[in-house]
Amino acid sequence: RFIAKPCAINLGIQDSGPHRAQPNAILEKVFTSITKSPDGKRLEGLSKQLDWDVRKIQRWFRHRRNQDKPTTLTKFCESMWRFTFYLSIFFYGVRFLWTAPWFWDTRQCWYNYPFQPLTSRLYYYYILELAFYWSLMFSQFTDIKRKDFLIMFVHHLATIGLITFSYMNNMVRVGTLVLCLHDASDFLLEAAKLANYAKYQRLCDAFFMLFGVVFIVTRLGIYPFWILNTTLFESWELIGPYPSWWLFNGLLITLQVLHIIWSYLIVRTAYKALVRGKVSKDDRSDVESSSEEEDATPNSTKGVLSTSSNGSNRVNGHVAGGQWTEE
């Protein structure tokens, strides 16, 4: 409110949302009391009742649904908050781990386990991360519902489970490595979103490409060969198959599966943007549109259009960044 919003306004981001639906008491009552996405039979009934074309009614419901979506200013403020947290916690983690012996030798994670001291710096690192991911878990139900809702829900569950489980079992040393590794790329994605909302396209592209490289290197390279290696093999060698070994490593492997899925989405998005020069589909668009607008603006397609998965177009002069930061 006091930092992000003034920054957004100085960058020229207006607090204006999508096109608003024209007032209509009958359709508003259906929207609020019955359904936000009427089926064909209900659309036909409303068409006869209002003497409106079915496509006009569909357009009204689409505009009405978009009306409730957050504005660019709201999304900028949210991304700036996440960017601030991810960047701060990442540098805190790097600074803390730089002097930790297990950062340079992962076998140190298991020496004298479980009789390892819990320092105050380690404690606050864990509590801050746990509180943040709990907040994401709750806010996910009130934020825009995207197509990867289930994947993100599983991710938050696995993350909270891992943080809590590793803390209870005093596996905090290897836990700090996992936390710091995951924070390494998140702030870059939020930076790309901020640049996209502010219409700094080249900066957005640069941040996203950097994010993609860091994400793939850390999640598909360092994570399995550094983290999973020590939890699967070094721990087995040094302290044996402790009772919670299977659950702990099961959660870590679940995260690795999610890493593979997200890496595929990142590579696919970058491929579309770089090879085709434009993106034909945004799998996670939060503003609906439909083919009616295509019919209404056949001569306006000289600019680059970004098409949402719901079927319609958004004029997007900053296509690449607009596409991949949404995904």
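For every chain, the first residue of the written sequence is number 1, and numbering continues from 1 along that sequence. Selection of residues for local features in this predicted model requires a pLDDT of at least 70, selection of side-chain atom pairs for listing and counting requires 80 or more, and totals for whole chains, interfaces and linings are taken over all residues. Hydrogens and water molecules were not included; the side-chain quantities draw on all heavy atoms of the structure.

## Points about the environment of Gln-201
Now for step 1: Relative to the assigned elements, Gln-201 resides in helix H10 (residues 201–239).
Now for step 2: Nitrogen and oxygen atoms within 3.5 Å of one another constitute a polar contact, given that in protein one can donate a hydrogen and the other can accept it, and given that sequence-neighbouring residues count only through two side-chain atoms. Only 2.4 Å separates the side chain of Gln-201 from the side chain of Asp-205, close enough to count as a polar contact. Only runs of H or I of at least four residues qualify as helices and only runs of E of at least two qualify as strands under DSSP, and these elements are numbered from the N terminus.

## Some remarks on the packing of aromatic side chains
Now for step 1: To pair, rings of Phe, Tyr and Trp, with the six-membered ring standing in for Trp, must have centres within 6.5 Å; the planes then decide the type, stacked if under 30 degrees apart, edge-to-face if over 60, and tilted in the middle. Going through the model one piece at a time under the given rule, you end up with 27 aromatic pairs.
Now for step 2: Ring geometry for Tyr-123 and Tyr-124: centres 5.2 Å apart, planes at 70°, overall edge-to-face.
Now for step 3: For the exposure calls, accessible area comes from a 1.4 Å probe over protein chains only, and a residue counts as buried if that area is under 20% of its type's maximum, exposed if over 50%, partly exposed in between. We classify Tyr-123 as partly exposed; its relative accessible area is 32%.
Now for step 4: Look at Trp-236 and Trp-246: their rings are 6.3 Å apart centre to centre, the planes differ by 85°, and that puts the pair in the edge-to-face class. Of the two residues, Trp-236 sits in helix H10 while Trp-246 sits in helix H11 (residues 245–276), which places them 10 residues apart along the sequence.
Now for step 5: We classify Trp-236 as partly exposed; its relative accessible area is 38%.
Now for step 6: Feature note: the residues Trp-81, Phe-85, Tyr-86, Phe-132 and Tyr-133 constitute an aromatic cluster, connected by ring pairs.
Now for step 7: Sitting over a ring, as applied to charges here, requires NZ of Lys or CZ of Arg to be within 6 Å of the ring centre and within 35 degrees of the ring normal. Its end group placed over the ring of Trp-52, Lys-56 keeps NZ or CZ at 4.3 Å from the ring centre.

## Brief notes about helix H9 (residues 172–197)
Now for step 1: If you check H9, its first and last C-alpha atoms are 37 Å apart, about what 26 residues at 1.5 Å a residue would give, namely 38 Å.
Now for step 2: Of all the bends in H9, the largest measures some 25° and sits at Asp-183.
Now for step 3: Counted residue by residue, H9 has 26 buried out of 26 residues, so it is predominantly covered.
Now for step 4: After H9 finishes, the residue Lys-199 shows a positive phi value of roughly 65°. Here, expected helix span is obtained from the residue count minus one, scaled by 1.5 Å. Fitting axes to the seven residues ending at a residue and to the seven starting there, one defines the bend at that residue as the angle between these axes.

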